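# Close look at the chain arrangement
Letter by letter, the chains look like this.
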Amino acid sequence: MSDVQAYPQSGEAQFGDYVALLKPRVMSLVVFTALVGLLVAPVGVHPVVGFAAILFIALGAGASGALNMWWDADIDAVMNRTKSRPVPAGKVQSGEALGFGLALSGIAVVMLALSANLFAAGLLAFTIFFYAVVYSMWLKRSTPQNIVIGGAAGAFPPMIGWAVATGGVSVESALMFGLIFMWTPPHFWALALFMKEDYHKAGVPMLTVTHGRAETRRQILIYTVLLAPVSIWAALTTIGGPFTLAVAVVLNAVFLKGAYDIWKRPEPVAEADKYAVEKSFFKFSLLYLFVHFAAFLVEALLKAYGLGGWA
Amino acid sequence: MSFRPDHELHKRRFSRNVGLGVTLVAFVALVFALTVVKVTRGDPMQGFDHTVRPEMAPAATGGTQP
């Protein structure tokens, strides 16, 4: 693994290299979904406590990203998309990334327990464990279902946000979890369809490598179909309302149409137009999640003015 | 009196040191803000301090009074 491989050292690590270890782009999604989970909860949270909680959830997510980069440095070095990450690029040493990830994990969990509650901190600790150990160390290299089960790690943040406010879980927080969980496979498999050389070179058992591209297209459609009822159900609960339902219907209709198009496309056609449909589906998947969670937030705001929600 | 010029090492580490310094100051400010919020909101902070304080005893629920 990463600790037996030496990477070229290119000067001293700068502050930005440590920030890059935290996967800031993934972190921004974590911050947004956790914030929505916290704000749509039926219990109010003091702004300072809320701010601190979101910060430490993000820090925990970043720490698990650093642990992932420590463990996966060998395959990151092979893939074009990841070879400029701090460890394979030789900017941060492998052991440093490990220490950084472990230290930040501890700080994030303890500080979340102190600023919010033990339940939320426990969920954060489990999420870090799930991403770093269950996904990165175990599933990623051993099964093509890696994305499906690993997606759970990315699905926890809104649940943690909800737990910060309420101290527990509920149908609503479980549905927000389900939404990201079901969304992850089509999102990543669309990426795998047009970044095919990368995963192949690294030997990661992506569905495209193990079961072929036609099967991947079929699985994208299956998960997109399964995602729709979760999304609609979430819109029908206390965090939803007519506005969220309308948004969910439109988003799922567009997403389903994209998944259907991907399923129907033969590989030579996709190759001929440089995976245009797959790329636009991938881009829309990002918009899907952002708009869906934004809709929950808008609904909560409308409710504050006596407009939204299922009265 | 003249100061020795900075070693090249200090220049290379400048951004890292400034970044860490800013992070630590922000962390201290956050913990301070959290403390102020928790104290002013009156989160439970009293504990046993070797003196009997009847106001800390749990309220009696039912039972017979003489």
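Just so it is clear, the model here is predicted, and its values are computed rather than measured.

The partner chain A presents eight residues to the ten residues of chain B that form the contact. Of the residues belonging to the side of chain B that touches chain A, the class tally is four nonpolar, two polar and four charged.

Glancing now at the nonpolar core. Looking at soluble globular proteins, one finds that nonpolar side chains tend to be buried together. Residue and element names in this part refer to chain A. Within the largest apolar cluster, 100 residues are counted, with the highest numbers of intra-cluster contacts made by Ala-53, Ile-57, Ala-66, Leu-112, Ala-120, Leu-124 and Ile-160. With 15 residues, the single largest contributor to this core is helix α3 (residues 47-71). Here this core spans two domains, since at least three of its residues come from each of domain 1 (10-169) and domain 2 (170-311). Excluding residues within four positions of it along the chain, Ala-120 makes contact with Ala-53, Leu-112, Ile-160, Ala-163 and Val-164.

Residues and elements named next belong to chain A. With respect to the helices and strands, Gln-93 occurs in the loop between α4 (73-76) and α5 (94-115). Given 17 C-beta atoms within 10 Å, Gln-93 falls into the partly exposed group. Sequence spacing of Gln-93 and Ala-13 is 80 residues, and the spatial spacing of their C-alpha atoms is 8.8 Å.

Time to look at the domain arrangement of chain A. A common way to state how big an interface is: give the accessible area lost once the parts meet. All names here are of chain A. The domains assigned to chain A are domain 1 (10-169) and domain 2 (170-311). Listed per partner, the contact involves 29 residues of domain 1 and 26 residues of domain 2. The dominant element in the side of domain 1 that touches domain 2, judged by the number of residues it contributes, is helix α7 (residues 146-166), at twelve residues. Within the side of domain 1 that touches domain 2, the residues separate by chemical class into 17 nonpolar, nine polar and three charged.

Let us now look at unusual backbone geometry. All names here are of chain A. Phi at Lys-23 takes a positive value of approximately 50°, unusual for a residue other than glycine. Here Lys-23 shows up in the loop between α1 (15-21) and α2 (24-40). Positive phi, normally seen in glycine, also occurs at Tyr-275, with a value near 60°. Relative to the assigned elements, Tyr-275 resides in the loop between α13 (267-272) and α14 (276-304).

The rules behind each value
- Residue numbers run consecutively from 1 along every chain, following the written order of its sequence.
- Both sets of labels track the order of writing: A upward for chains, 1 upward for ligands.
- Note on the predicted model: pLDDT of at least 70 is required for a residue's local features to be given, and 80 or more for side-chain atom pairs to be given and counted; whole-chain, interface and lining totals, by contrast, use all residues.
- The contact rule is simple: place each C-beta atom from the backbone, and if two of them lie within 7 Å, those residues are in contact.
- All amino acids are sorted into three groups, where Ala, Val, Leu, Ile, Met, Phe, Trp, Tyr, Cys and Pro are nonpolar, Asp, Glu, Lys and Arg are charged, and the leftover types, Gly among them, are polar.
- What makes a nonpolar core is a set of buried Ala, Val, Leu, Ile, Met, Phe, Trp, Tyr and Cys residues, with links drawn between C-beta atoms within 7 Å.
- Buried residues are those with 20 or more other C-beta atoms within 10 Å of their own C-beta, exposed residues have 12 or fewer, and partly exposed residues lie in between; C-beta atoms are placed from the backbone.
- Labels follow the DSSP assignment, with helices taken as runs of H or I lasting at least four residues and strands as runs of E lasting at least two, numbered in each case from the N terminus.
- Domain limits in this description derive from either an automatic procedure or a database domain assignment.

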